[in-house]
Amino acid sequence: MIKTIIDKLYKYNCLEKEEIIYLLKNLDEKSREYLINKAYSTRLKSYGKTVFLRGLIEVTNFCTKTCLYCGIRAENTNADRYRLTKEEIISSCENGYNLGYKTFVLQGGEDPFFTDEFLVELITEIKYKFPECAVTLSLGEKSYESYKKLYDAGADRYLLRHETANPKLYSSLHPKMSFENRITCLKNLKKIGYQVGAGFLIGLPNQTIEDLAMDLLFLKNLKPHMVGIGPFIPQKDTPLRNEKGGDSYTTITLLSIIRLLLPDVLLPATTALGTIDSTGREKAFKAGANVIMPNLSPFECRAKYSLYDGKVFTDNESAEEKRKIEEKIKNAGFEPVMVRGDNITWKRI
Ligand code: SAH
Ligand code: SF4
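The structure reproduced in this document is the subject of the present report. (Residues numbered from 1 in each chain as written. Chains lettered and ligands numbered in written order. Predicted model: local features only at pLDDT ≥ 70, side-chain atom pairs only at ≥ 80, totals over all residues. Heavy atoms only, no water.)

Considering the site of ligand 2
Piece 1. Around ligand 2, the surrounding shell consists of Cys63, Lys65, Cys67, Cys70, Ile72, Arg73 and Gly109.
Piece 2. Residue classes in the shell around ligand 2 are distributed as four nonpolar, one polar and two charged. (Near = heavy atom within 4 Å. Nonpolar A, V, L, I, M, F, W, Y, C, P; charged D, E, K, R; others polar.)

Quick look at the sheet that holds strand β6 (residues 195-198)
Piece 1. Pairing within the open sheet is parallel, and its six strands lie in the order β2-β3-β4-β5-β6-β8. This sheet does not close on itself; its edge strands, each paired only once, are β2 (55-60) and β8 (226-227).
Piece 2. Pairing of strand β5 (residues 157-159) with β6, which is carried by three bridges, proceeds in the parallel orientation. Residue Arg157 lies in a different strand from β6, and its bridge partner there is Gln195. (Pairing = 2+ DSSP bridges. Helix = DSSP H or I, 4+ residues; strand = E, 2+ residues; numbered from the N terminus.)

Focus on the packing of helix α3 (residues 29-47) against helix α10 (residues 248-261)
Angle between the axes and distance between the axes are the two parameters that describe a pair of packed helices.
Piece 1. Two elements in contact, α3 and α10, have axes whose closest approach is 8 Å; the angle formed by their N-to-C orientations is 45 degrees. Comparing the axis directions of α3 and α10 gives the class oblique. Considering only the axes of α3 and α10, their crossing is left-handed. Where α3 approaches α10, its residues Glu29, Arg32, Leu35, Ile36, Lys38, Ala39, Thr42, Arg43, Ser46 and Tyr47 are matched on the opposing element by Tyr249, Ile252, Thr253, Ser256, Ile257, Arg259 and Leu260.
Piece 2. Split by residue class, the contact of α3 with α10 holds eight nonpolar, four polar and five charged. (Axes fitted to C-alpha atoms, helices over the stretch in contact; angles between N-to-C directions. Parallel < 35°, antiparallel > 145°, perpendicular 65-115°, else oblique. Left-handed = near helix turned anticlockwise from the far one by under 90°. Contact = heavy atoms within 4.5 Å.)

Remarks on the nonpolar core
Piece 1. Counting 103 residues, the largest nonpolar core has Phe104, Leu137, Tyr194 and Ile258 as the members making the most contacts within it.
Piece 2. Per-element tally for this core: the top contributor is α10, with seven residues.
Piece 3. One finds Tyr47, Leu56, Val291 and Val337 within the second-largest nonpolar core, a separate group that totals nine residues. (Core = buried A, V, L, I, M, F, W, Y, C linked by side-chain atoms within 4.5 Å. Buried < 20%, exposed > 50% of the residue type's maximum accessible area, 1.4 Å probe, protein only.)

Comments concerning the packing of aromatic side chains
Given two aromatic rings, one states the distance between the centres and the angle between the planes to describe the pair.
Piece 1. A full pass over the atoms with the stated rule returns 13 aromatic pairs.
Piece 2. Arranged with centres 6.0 Å apart and planes meeting at 80 degrees, the rings of Tyr40 and Phe334 form a pair that is edge-to-face. A residue pair is termed long-range when its members are at least 10 positions apart, and Tyr40 in helix α3 and Phe334 in the loop between α14 (318-331) and β11 (335-337) qualify at 294 residues.
Piece 3. Given a relative accessible area of 25%, Tyr40 falls into the partly exposed group.
Piece 4. Grouped by ring-pair contacts, the aromatic residues Tyr147, Tyr151, Tyr158 and Tyr194 constitute a single cluster.
Piece 5. The lysine or arginine in question, Arg83, covers the ring of Phe62, its NZ or CZ lying 4.2 Å from the ring centre.
Piece 6. Its guanidinium or amino end placed over the ring of Tyr151, Arg348 lies 4.2 Å from that ring's centre, counting from NZ or CZ. (Phe/Tyr/Trp six-rings, centres within 6.5 Å; stacked < 30°, edge-to-face > 60°. Lys NZ or Arg CZ within 6 Å of the ring centre and 35° of its normal.)

Re the site of ligand 1
Piece 1. Surveying the vicinity of ligand 1 reveals 18 residues, the closest of which are Tyr69, Gly108, Arg161, Glu163 and Ile233.
Piece 2. In this structure, Ile233 approaches ligand 1 through a main-chain N or O atom, which is 2.8 Å from a nitrogen atom.
Piece 3. With the chains in place, 92% of the 540 Å² that ligand 1 exposes on its own is no longer accessible.
Piece 4. A breakdown of the residues in the shell around ligand 1 according to their chemical character gives 10 nonpolar, five polar and three charged. (Polar contact = N/O pair within 3.5 Å; in protein donor to acceptor, adjacent residues only side chain to side chain. Areas by Shrake-Rupley, 256 points an atom, 1.4 Å probe, with all protein chains shown as cover.)

Here we look at the state of the cysteines
Simply put, disulfide is the name for a covalent bond between the sulfur atoms of two cysteines.
Piece 1. Tallying each qualifying case throughout the model produces zero disulfides.
Piece 2. In this model Cys133 remains outside any disulfide bridge; the closest cysteine sulfur is found in Cys93, 8.1 Å from its own. (Disulfide = S-S within 2.5 Å.)

Some remarks on empty space enclosed by the protein
Piece 1. The tally for this structure, following the rule as stated, stands at three cavities of 30 Å³ or more.
Piece 2. Of the volumes computed, that of the largest cavity is approximately 80 Å³.
Piece 3. Around the largest cavity, the lining residues are Arg54, Val105, Thr136, Arg157, Leu159, Met226, Leu266, Pro268, Val291 and Met293.
Piece 4. Of the pockets and cavities examined, the second largest cavity occupies roughly 40 Å³.
Piece 5. Residue lining of the second largest cavity: Arg281, Glu282, Phe285, Ile292, Ile325, Lys328 and Ile329, and that is the complete set.
Piece 6. For the lining of the second largest cavity, the elements supplying multiple residues, two or more each, are α12 (280-286) and α14. (1 Å grid on protein atoms, 1.4 Å probe; cavity = no way out; pocket = protein on both sides within 12 Å on 5 of 7 lines; lining within 4 Å. Points joined across faces, edges and corners; volume = space filled by probe spheres on them.)

Quick look at the environment of Lys176
Piece 1. Positionally, Lys176 belongs in the loop between α7 (167-173) and α8 (179-192).
Piece 2. Sequence separation between Lys176 and Lys65 is 111 residues, and the spatial gap between their C-alpha atoms is 8.2 Å.

Comments concerning the packing of helix α2 (residues 17-26) against helix α9 (residues 209-222)
Piece 1. Taken N-terminus to C-terminus, the directions of α2 and α9 make an angle of 125 degrees; their axes are 9 Å apart at the nearest point. Accordingly, the angle class assigned to the pair α2 and α9 is oblique. Here α2 and α9 pass one another in a crossing that is right-handed. Seen from α2, the contacting residues are Lys17, Ile20, Ile21, Leu24 and Lys25; seen from α9, they are Ile209, Glu210, Leu212, Ala213, Met214, Leu216 and Leu217.
Piece 2. For the contact of α2 with α9, a count of residues per class yields nine nonpolar, no polar and three charged.

Listed below in structure tokens is the structure:
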């Protein structure tokens, strides 16, 4: 039965909800290995052994939102807040550019200081200085008009995880936010023409297998160009500090199912996964992940951008970090590359 389900997933890239639930509930060591091998051959067909490197710049840890799991939520008075200046962001890009990066991911809390005008100026300057590079934004929810302005200024991609596809669970974790608006934002981003990244957290309090099945079907239905998933990791200054958090085993299983549901998707091996399992990211590549985002933020900010406890970050020079990551990728049998690495189905409109 389970092999039939995996074969269907491999052949047709789709499953019914009941089949996903059955798969998640009944996967044993052997069938899990079978699943991961199918995900591996699917990634070989779409992106070969390539792993794209993107430079991550954590531009601000100010945030007006209060997501219960997040260490930089507005109500955390212990957070040591910072925001980078335009010059600091450009200089981080320059540093990355000199190392060969062709994508810069600007991520941060929802910080009103970063107005549309500021961001348009910033993106325009990055695009002027590094025309062959892609700019990815991950700055939370905005209006259609704001997203459009940033796209027109040259932003290529936008990461906005849906976090969980269960509206009840979503509202219990996101005070004063709306699931509906999150989904509207994702749809608007797609409509505008961005390469869009959705994704969810694994191991949230009260999250069930049924919820995870809903997450997978939500992704299948949305068809994003990128999917970011990772374990929820408790952070000491949040209301969820005593919760258990997600595990590496489940995360890797879900990565392989996502690769099979969306064969062409760009799928990062996330820092959160590397944090709970020191070889988690290598396992992720074998299960279909094909992106990694080394940190290009100034050193003094890396510890302050503390979404969760124990985040792996280094004081290494970015050059040293890049070398180490490339070595890890190669040792796992994959090929690190620094091209733009757009989703193979995407073109700017
Ligand atoms: N503010 C933006 C981008 C920064 S947060 C946004 O929320 O979209 C980026 C991602 O970090 C979030 O989407 C969330 O899934 C993840 N994150 C936050 N807190 C986390 C935690 N405690 N453990 C694991 N991931 C976390
Ligand atoms: Fe802010 Fe994003 Fe953290 Fe939510 S997850 S509190 S929006 S930084």
